[in-house]
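# Coordinate analysis (summary)
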Amino acid sequence: MHDWSSILAGRFIVFDGPDGSGKSTQLARFTAFCESHGTIPEVVRDPGGTPIGEAVRGVLLDPRYDEMGLRCEMLLYMASRAQLMAERIRPALAAGGFVLADRFISSTLAYQGTAGGLAPEEILAVGRVTTGGCEPDLVVIFDVDEKTATARLPAELDRMERKGEAFHRRVRQGYLAQADRDPEHHLVVDGTLDEDSVFAALIEGLGRRFGTAGDSSGPA
């Protein structure tokens, strides 16, 4: 058995991808995998993860606020993220823990950047203020085409999920562009496969990136 506890200690990994990519399912499964291998990750969601962040999340995803401007939207995501950094991410990393995040700045670059039209330089400039230079070791992108993703969405959609197929096609392109620009810090996993195959590819990819052979046996 590989020493995943040592492999993951002090690391900051983000799971990201389009709505309907299956990332939340894989995040729950990987959390159980970590726990079975002796590591209790600090699991956070972005936006949210703190009382202030959850209040901001409620505003961001509320379908009543269709008039929200793009820069307002981006800054609200960053505000929630700044609080998450202060309350949970930085303290966990300082203690040598493993942080596993459901979305991060990669989402803002894809949704408000590539799909929405904001320049990536603007987003990254605010992001540097938000994180104070604390960047993920790896962003795992669960890649899925927009038709497959749409079929997986719930019947009741939030404000971001309602933006339509063309928007979500650009979101996917945004994620893949990030991976192309910085392959060292991104891992792309085919999210169209069945759940077990996606998980096996995830574990194999993480093992390859962090210097150990993959072990896709799952939680003991």
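Here, every reference points to the structure presented above.
Here the structure is a predicted model, which means the values were calculated and not measured.

### Thoughts on the pairing of strand E4 (residues 138-143)
Counting buried residues along E4, six of its six residues qualify, which places the element largely inside the surrounding structure. Alternating residues of E4 divide into Leu 138, Val 140 and Phe 142 and Val 139, Ile 141 and Asp 143, and every residue in both groups is buried. Where E4 lies against strand E5 (residues 186-190), five bridges are found, and the strand directions are parallel. Looking at E5, one finds that Phe 142 is bridged to Val 189.

### Considerations on the sheet that holds E4
Taken together, five strands build an open sheet; the order of strands is E2-E3-E1-E4-E5 and the sheet is parallel. Among the strands making up the open sheet, the edge pair consists of strand E2 (42-45) and E5. Each neighbouring strand pair of the sheet contributes to a mean axis angle of 20 degrees, computed without reference to strand direction. Judged from the four bridges that link them, strand E1 (residues 12-16) and E4 form a sheet pairing that is parallel. What sits directly across from Val 14, in E4, is Val 139. Each of E1, E2, strand E3 (99-102) and E4 is contacted by helix H2 (residues 23-36), which is oriented at about 160 degrees to E3, the strand it contacts most.

### Quick look at the packing of aromatic side chains
Across all of its chains, the model carries nine aromatic pairs by this definition. Seen from their ring centres, Phe 12 and Phe 104 are 5.2 Å apart, and the 80 degrees between their planes marks the pair as edge-to-face. Here Phe 12, found in strand E1, pairs with Phe 104, found in the loop between E3 and helix H5 (105-115); they are 92 residues apart in sequence, far enough to count as distant. Measuring from ring centre to ring centre gives 6.3 Å for Tyr 111 and Tyr 175, while their planes differ by 80 degrees; the resulting arrangement is edge-to-face. You can see Tyr 111 sitting in helix H5 and its partner Tyr 175 sitting in helix H8 (residues 165-181), a full 64 residues away along the chain. Through pairs of rings, three or more aromatic residues link up here, namely Trp 4, Phe 15, Phe 30, Phe 33, Phe 98, Phe 142 and Phe 199.

### Things to note about the nonpolar core
The biggest cluster of nonpolar side chains holds 27 residues, and the ones touching the most others in it are Phe 12, Ile 89, Val 99, Phe 104, Ile 123 and Val 171. Going through the elements one at a time, E1, helix H4 (70-94), E3, H5, E4 and H8 are the ones with two or more residues in this core. Here this core gets seven residues from one element, more than from any other, and that element is H4. Those residues in contact with Phe 12, other than ones at most four positions away along the chain, are Ile 89, Leu 93, Val 99, Ala 101, Phe 104, Cys 134, Glu 135, Pro 136, Asp 137 and Leu 138. Phe 15, Phe 98, Phe 142 and Phe 210 belong to the second-largest nonpolar core, a separate cluster that totals 22 residues.

### Notes on the environment of Phe 30
Topologically, Phe 30 is positioned in helix H2. Overall, Phe 30 belongs to the buried group, its relative accessible area being 0%. Separated by 70 residues in the primary sequence, Phe 30 and Leu 100 have C-alpha atoms spaced 9.4 Å apart. Non-local contacts of Phe 30, meaning those with residues more than four positions away in its chain, are made with Leu 8, Phe 15, Phe 98, Leu 100, Phe 199, Leu 202, Ile 203 and Leu 206.

### As for helix H3 (residues 51-61)
The complete set of buried residues in H3 reads Gly 53, Val 56, Arg 57, Leu 60 and Leu 61. Viewed along the axis of H3, the buried residues span an arc of 120 degrees, placing them on a single side of the element. Residues of H3 that are exposed and angled more than 90 degrees away from the buried face: Pro 51 and Ala 55. Looking at the buried side of H3, the elements it contacts are E2 and H4.

### Quick look at the pattern of salt bridges
Within the structure shown, the criterion is met by 15 salt bridges. Here Arg 103 ties to Asp 19 by a salt bridge, and the two come within 3.3 Å at their closest N and O atoms. Remark: Asp 19 occurs in the loop between E1 and H2 and Arg 103 occurs in the loop between E3 and H5; sequence separation between them is 84 residues. Residue classification places Arg 103 among the buried residues on the basis of a relative accessible area of 11%. Since its relative accessible area comes to 15%, Asp 19 is described here as buried. Between Arg 169 and Glu 146 there is a salt bridge whose closest N-O contact spans 2.8 Å. Within this pair, whereas Arg 169 is found in helix H8, its partner Glu 146 is found in helix H7 (residues 146-152), the two being separated by 23 residues in sequence. Via salt bridges that share partners, Glu 146, Lys 147, Glu 165 and Arg 169 belong to a single interconnected network.

Conventions used here
- Counting restarts for each chain, with residues numbered from 1 along the sequence as it is written.
- Only residues with pLDDT of at least 70 get local features here, since the model is predicted, and only at 80 or more are side-chain atom pairs given and counted; chain-wide, interface and lining totals rely on the full set of residues.
- In computing side-chain properties, one takes all heavy atoms of the structure into account and sets aside hydrogens as well as water.
- Note on classification: 1.4 Å probe, protein chains only; a residue is buried when its accessible area is under 20% of the maximum for its type, exposed when over 50%, partly exposed between these limits.
- Only DSSP runs of H or I with at least four residues qualify as helices, and only runs of E with at least two residues qualify as strands; both kinds are numbered from the N terminus onward.
- Two strands qualify as a pair provided DSSP detects at least 2 bridges between them.
- Lines fitted to the C-alpha atoms define the axes, with helices restricted to the stretch that makes contact. Angles between their N-to-C directions range from 0 to 180 degrees.
- A contact between two residues is defined here by any heavy atoms of the two lying within 4.5 Å.
- Two rings from Phe, Tyr or Trp (for Trp, the six-membered ring) form a pair when their centres are within 6.5 Å of each other. A pair whose planes differ by under 30 degrees is stacked, one over 60 is edge-to-face, and the rest are tilted.
- The set of buried Ala, Val, Leu, Ile, Met, Phe, Trp, Tyr and Cys residues whose side-chain atoms join them within 4.5 Å is what this entry labels a nonpolar core.
- This arc corresponds to the set of directions leading from the helix axis out to the C-beta atoms.
- In the sections that follow, a salt bridge refers to a side-chain nitrogen of Lys or Arg positioned within 4 Å of a carboxyl oxygen of Asp or Glu.

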